[in-house]
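# Analysis of the macromolecular model
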Amino acid sequence: MSTTALIRPAWTPATIALMVIGFMVFWPLGLAMLAYIIWGDRLDGFKRDVNRATDGIFAGCRKASYRAHSGTGNVAFDDWREKELERLAEERRKLDETLTEFDDYMRELRRAKDQEEFDRFMANRNRSKPTASARGGPDAGPSDEA
């Protein structure tokens, strides 16, 4: 999974340009782009929650419809099939939970990597800053330049 997409929920030159163009063309477009830049990283979780909710709502409708139209007449088989379908639904729920846990893990891993890169940047930046005596400050000794 690559996070180097041109248009992603971050302050990139492309998203800033799209936001400015959106404000110039029709202000709600610019506002929508601004909202995407600020809160776009939360869209995956929101989409997952909406999908899970709608799946739960429509699962009941599917079960009722399936039972009404697909009875074989053999009660033992129908009971077995119903138990298997419930077992598969439980497996699906477990897989969805595992996916959610993995997404959370990857998000934290990315956050830790970003923090490590930032700390390395700050350490390099602080190391490369010249001290007052090296810049020729008031307490610096005589200069070798002539």
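The preceding data block contains the structure.
Right, let's talk about the pattern of salt bridges for a bit. When the charged atoms of two side chains with opposite charge come close together, those side chains can pair. Going through the model one piece at a time under the given rule, you end up with 9 salt bridges. R93 is paired through a salt bridge with E90; the nearest N and O atoms lie 2.3 Å apart. Linking R93 with E90, this pair stays in helix 4 (residues 75-128), spanning 3 residues, or about one helical turn. When its relative accessible area of 37% is taken as the criterion, R93 is described as partly exposed. Two residues, D104 and R107, come together in a salt bridge whose shortest N-O distance is 2.9 Å. Residue D104 and its partner R107 are located together in helix 4, separated by 3 residues, close to a single helical turn. Judged by relative accessible area, D104 falls into the partly exposed class, the value being 34%. Connected via shared salt-bridge partners are E90, R93 and E97.

Before going further, it helps to examine the side chain of R48. With respect to the helices and strands, R48 occurs in helix 3 (residues 43-69). With a relative accessible area of 18%, R48 lands in the buried category. At 3.1 Å, the side chain of R48 forms a polar contact with the side chain of D103. With sequence-adjacent residues up to four places away left out, R48 is seen in contact with T100, D103 and R107.

The end-to-end C-alpha distance of helix 1 (residues 13-25), which contains 13 residues, comes to 18 Å, matching closely the 18 Å that a straight helix rising 1.5 Å per residue would cover. Residues A14, T15, M19 and G22 constitute the buried set of helix 1. One side of helix 1 holds all its buried residues, which, seen down the axis, span an arc of 135°. Those residues of helix 1 that are exposed and angled more than 90 degrees off the buried face are P13 and M24. Residues of helix 1 that are buried make contact with helix 2 (27-39).

The subject of this paragraph is the packing of aromatic side chains. Summed over the entire model, instances satisfying the criterion amount to 1 aromatic pair. Look at F77 and W80: their rings are 5.8 Å apart centre to centre, the planes differ by 35°, and that puts the pair in the tilted class. Separated by 3 residues within a single helix, F77 and W80 lie in helix 4, roughly one turn from each other. Of the residues examined, F77 reaches a relative accessible area of 37% and is grouped as partly exposed.

Relative to the 18 Å expected for 13 residues at 1.5 Å per residue, helix 2 spans 18 Å between its end C-alpha atoms, a close match to the ideal helical length. Among the residues of helix 2, those classed as buried are G30, M33 and I37. Down the axis of helix 2, the sector holding all buried residues measures 60°, keeping them to one side. Against the buried residues of helix 2 lie helix 1.

Conventions and cut-offs
- Residues numbered from 1 in each chain as written.
- Predicted model: local features only at pLDDT ≥ 70, side-chain atom pairs only at ≥ 80, totals over all residues.
- Heavy atoms only, no water.
- Salt bridge = Lys/Arg side-chain N within 4 Å of Asp/Glu carboxyl O.
- Helix = DSSP H or I, 4+ residues; strand = E, 2+ residues; numbered from the N terminus.
- Buried < 20%, exposed > 50% of the residue type's maximum accessible area, 1.4 Å probe, protein only.
- Polar contact = N/O pair within 3.5 Å; in protein donor to acceptor, adjacent residues only side chain to side chain.
- Contact = heavy atoms within 4.5 Å.
- Expected span 1.5 Å × (residues − 1).
- Arc of directions from axis to C-beta.
- Phe/Tyr/Trp six-rings, centres within 6.5 Å; stacked < 30°, edge-to-face > 60°.

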